[in-house]
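Spelled out, the chains give:
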Amino acid sequence: MKDIKLKDKIVQGINDLFYIWKREFQTTFRDQGVLIFFILVPLGYPLLYSFIYDNEVVREVPAVVVDDSHSSLSREYLRKVDATPDIQIVSYCADMEEAKQMLKNRLAYGIIYIPSDFSDNIAKGKQTQVSIYCDMSGLLYYKSMLIANTAVSLDMNQDIKIARSGNTTDRQDEITAYPIEYEEISIFNPTAGFAAFLIPAVLILIIQQTLLLGIGLAAGTARENNRFKDLVPINRHYNGTLRIVLGKGLSYFLIYILVAFYVLYIVPRIFSLNQIGQPDSLVLFVVPYLAACIFFAMTASIAIHNRETCMLIFVFTSVPLLFISGISWPGAAIPPFWKYVSYIFPSTFGINGFVKINNMGATLSEVAFEYKALWLQAGIYFLTTCWVYRWQILMSRKHAIERYKELKEKALH
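Residues numbered from 1 in each chain as written. Predicted model: local features only at pLDDT ≥ 70, side-chain atom pairs only at ≥ 80, totals over all residues. Heavy atoms only, no water.

1. Remarks on the layout of surface pockets
Part 1 of the reasoning: Its boundaries defined by the atoms lining it, the largest pocket holds a volume of some 870 Å³.
Part 2 of the reasoning: Together, 31 residues line the largest pocket, and Y49, Y53, L198, V202 and L322 are the ones closest to its centre.
Part 3 of the reasoning: Contributing elements (two or more residues each) for the lining of the largest pocket: α2 (32-52), α6 (139-165), α8 (194-225), α11 (309-314) and α12 (318-324).
Part 4 of the reasoning: In terms of residue count, the dominant contributor to the lining of the largest pocket is α8 (9 residues).
Part 5 of the reasoning: Partitioned by chemical class, the residues of the lining of the largest pocket number 23 nonpolar, 7 polar and 1 charged. (1 Å grid on protein atoms, 1.4 Å probe; cavity = no way out; pocket = protein on both sides within 12 Å on 5 of 7 lines; lining within 4 Å. Points joined across faces, edges and corners; volume = space filled by probe spheres on them. Helix = DSSP H or I, 4+ residues; strand = E, 2+ residues; numbered from the N terminus. Nonpolar A, V, L, I, M, F, W, Y, C, P; charged D, E, K, R; others polar.)

Structure follows, in structure tokens:
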């Protein structure tokens, strides 16, 4: 064999790279399973989640009352609670057992209990209390019950203090009611809604999970269609690690640039979610996130030996990854072990960086930790992907040589 010039090797490598890119692109749109994960799921899931949480907050939560006081003051308290947008009183029960039964039958999600000495204690200048019980299967029910009752109790406390102070001017009444003036402002989430808080994290996670499932499904299909169950086919165009990794990666990257634009920009606009970040910062942040997710998925695909395996391995990880990202559960409360585990996944840095840029208006320099971490992950997973595919190339050659020797021995005999 004559030596091939370096220039010819480079030209051949580039040609093979685009051949692999073209073939992977065609395979993606011919395989219905991969097409579902790459196109239909990113199109549909963000809409589904956003529609579910579109109302942002829970209003008019059904509640029942046990009023053992039967006083004008207790009735005033309940009228004010019922007038709030958070709670709707649906029934007045004779005792707690009746109220518990209504809660058990899901006719209500909370109980307001006013003790018999409620009005008497206030008249005597003693502290009194109102007890609330809530169905904790939904934390938003508890939030509505707590907010409504707290607001009403503070409002009535104000009236009681003013009535007993003996003030002569309105200014004195203001100081009596609020010795320290306060103002509540929900920063970066003015509606204090669930969608504005959770959906951005879910959108980022969808990108990683669909890439894992789609690339895993493609890897399983490649093994099933290969005579030796190898990931890399016996083909002269697949005779190099870099051309395979870059060819496949470029195909996935071009598809997901469009997917990311839809998921991270169009969907929040459709549902009027918070978007105060600079577009250039967002684009520069998404690039390493996509690269890290793609190479992470390509590395993980080595464990996939058939089409169904990726569903068993990757689907169940979505909820744990959302929790350990530090968004749906406070990052400071996550045990150190799980925090270090979360650093394996691009979604951890992607979620935190995206929320800071998109929802809090951070610049790229203000998310430098997440940005650098994603580039580091992209580099590490690129190297692991190269190692995986190099090993697969050697394995496919080994199996082909073994098969050739078998056929040769059969021919001789």
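2. Topic: the packing of α8 against helix α14 (residues 346-360)
Part 1 of the reasoning: Look at α8 against α14: their axes get within 9 Å of each other, and the N-to-C directions meet at 135 degrees. The pairing of α8 with α14 is recorded here as oblique in orientation. Judged by the twist between their axes, the crossing of α8 over α14 is right-handed. Here α8 contributes A196, P200, A201, I204, L205 and Q208 to the contact with α14, which in turn contributes P346, S347, G350, I351, F354, V355 and N359.
Part 2 of the reasoning: Residue classes in the contact of α8 with α14 are distributed as 9 nonpolar, 4 polar and no charged. (Axes fitted to C-alpha atoms, helices over the stretch in contact; angles between N-to-C directions. Parallel < 35°, antiparallel > 145°, perpendicular 65-115°, else oblique. Left-handed = near helix turned anticlockwise from the far one by under 90°. Contact = heavy atoms within 4.5 Å.)

3. Looking at the UniProt feature "domain: ABC-2 type transporter transmembrane" (unreviewed entry) in the chain
Part 1 of the reasoning: As recorded in UniProt, the feature "domain: ABC-2 type transporter transmembrane" (unreviewed entry) lies at residues 34-385.
Part 2 of the reasoning: What you have in residues 34-385 is 62% helix and 6% strand, and the ends, taken at the C-alpha atoms, are 20 Å apart. (UniProt positions renumbered as here; feature names shortened; annotations may be inferred.)

4. Let's talk about empty space enclosed by the protein
Part 1 of the reasoning: Tallying each qualifying case throughout the model produces 1 cavity of 30 Å³ or more.
Part 2 of the reasoning: As for the largest cavity, its lining consists of A196, I199, P200, L203, P268, L273, N274, N358 and N359.
Part 3 of the reasoning: Secondary-structure elements contributing two or more residues to the lining of the largest cavity are α8 and α14.
Part 4 of the reasoning: Ranked by residues supplied to the lining of the largest cavity, first place goes to α8 with 4 residues.

5. So, a nonpolar patch on the surface
Part 1 of the reasoning: Taken together, I185, I187, F188, I276 and M360 make up a surface patch of nonpolar side chains, about 510 Å² in accessible area.
Part 2 of the reasoning: Summarising the element assignment, I187 is placed in the loop between α7 (170-177) and α8.
Part 3 of the reasoning: A relative accessible area of 59% places I187 in the exposed class. (Patch = residues over 30% accessible without salt bridge, like charges linked within 9 Å, V, L, I, M, F, W, Y side chains within 5 Å. Areas by Shrake-Rupley, 256 points an atom, 1.4 Å probe, with all protein chains shown as cover. Salt bridge = Lys/Arg side-chain N within 4 Å of Asp/Glu carboxyl O. Buried < 20%, exposed > 50% of the residue type's maximum accessible area, 1.4 Å probe, protein only.)

6. Section: unusual backbone geometry
Part 1 of the reasoning: Phi is positive for E60, close to 50 degrees, though the residue is something other than glycine.
Part 2 of the reasoning: Take E60: it is sitting in the loop between α2 and β1 (61-67).
Part 3 of the reasoning: A relative accessible area of 36% places E60 in the partly exposed class.
Part 4 of the reasoning: With a phi close to 60 degrees, R106 is a non-glycine residue in the positive phi region.

7. Let's talk about the packing of aromatic side chains
How two aromatic rings sit relative to each other is set out by the distance from centre to centre and by the angle between their planes.
Part 1 of the reasoning: According to the stated counting rule, one finds 19 aromatic pairs in the structure shown.
Part 2 of the reasoning: Ring plane angle 70 degrees and centroid distance 5.2 Å describe the contact between F295 and F382, whose orientation is recorded as edge-to-face. Of this pair, F295 sits in helix α10 (residues 279-300) while F382 sits in helix α15 (residues 368-412); the two residues are 87 residues apart in sequence, bridging distant segments of the chain.
Part 3 of the reasoning: For F295, a relative accessible area of 13% puts it in the buried group. (Phe/Tyr/Trp six-rings, centres within 6.5 Å; stacked < 30°, edge-to-face > 60°.)

8. A look at α6
Part 1 of the reasoning: Taking 1.5 Å as the rise per residue, α6 with 27 residues should run 39 Å; its terminal C-alpha atoms sit 38 Å apart, in good agreement.
Part 2 of the reasoning: Residues S144, M145, A148, N149, V152, M156 and Q158 constitute the buried set of α6.
Part 3 of the reasoning: The inward-facing, buried residues of α6 contact β1, α3 (72-83), β2 (87-92), β3 (110-114), β4 (131-134) and α7.
Part 4 of the reasoning: Residue G166 follows α6 closely and has a positive phi angle near 70 degrees. (Expected span 1.5 Å × (residues − 1).)

9. Remarks on the environment of L203
Part 1 of the reasoning: Summarising the element assignment, L203 is placed in helix α8.
Part 2 of the reasoning: The spacing of L203 and P46 is 157 residues in sequence and 6.3 Å in space, taken between C-alpha atoms.
Part 3 of the reasoning: If we skip the residues at most four places from it in the chain, L203 touches P46, V263, L264, V267 and P268.

10. Let's talk about the sheet that holds β2
Part 1 of the reasoning: Spatially, the 4 strands line up as an open sheet ordered β2-β1-β3-β4, and their pairing is mixed. The sheet is open, and its two borders are formed by β2 and β4, each paired with just one other strand. Across the sheet, the mean angle from the axis of one strand to that of its neighbour is 30 degrees, orientation sign disregarded.
Part 2 of the reasoning: In this structure, β1 lies alongside β3, joined through 5 bridges in parallel fashion. Its bridge partner lying in β3, V64 is registered against I111.
Part 3 of the reasoning: Those strands touched by α6 are β1, β2, β3 and β4, and its axis lies near 165 degrees from that of β4. (Pairing = 2+ DSSP bridges.)

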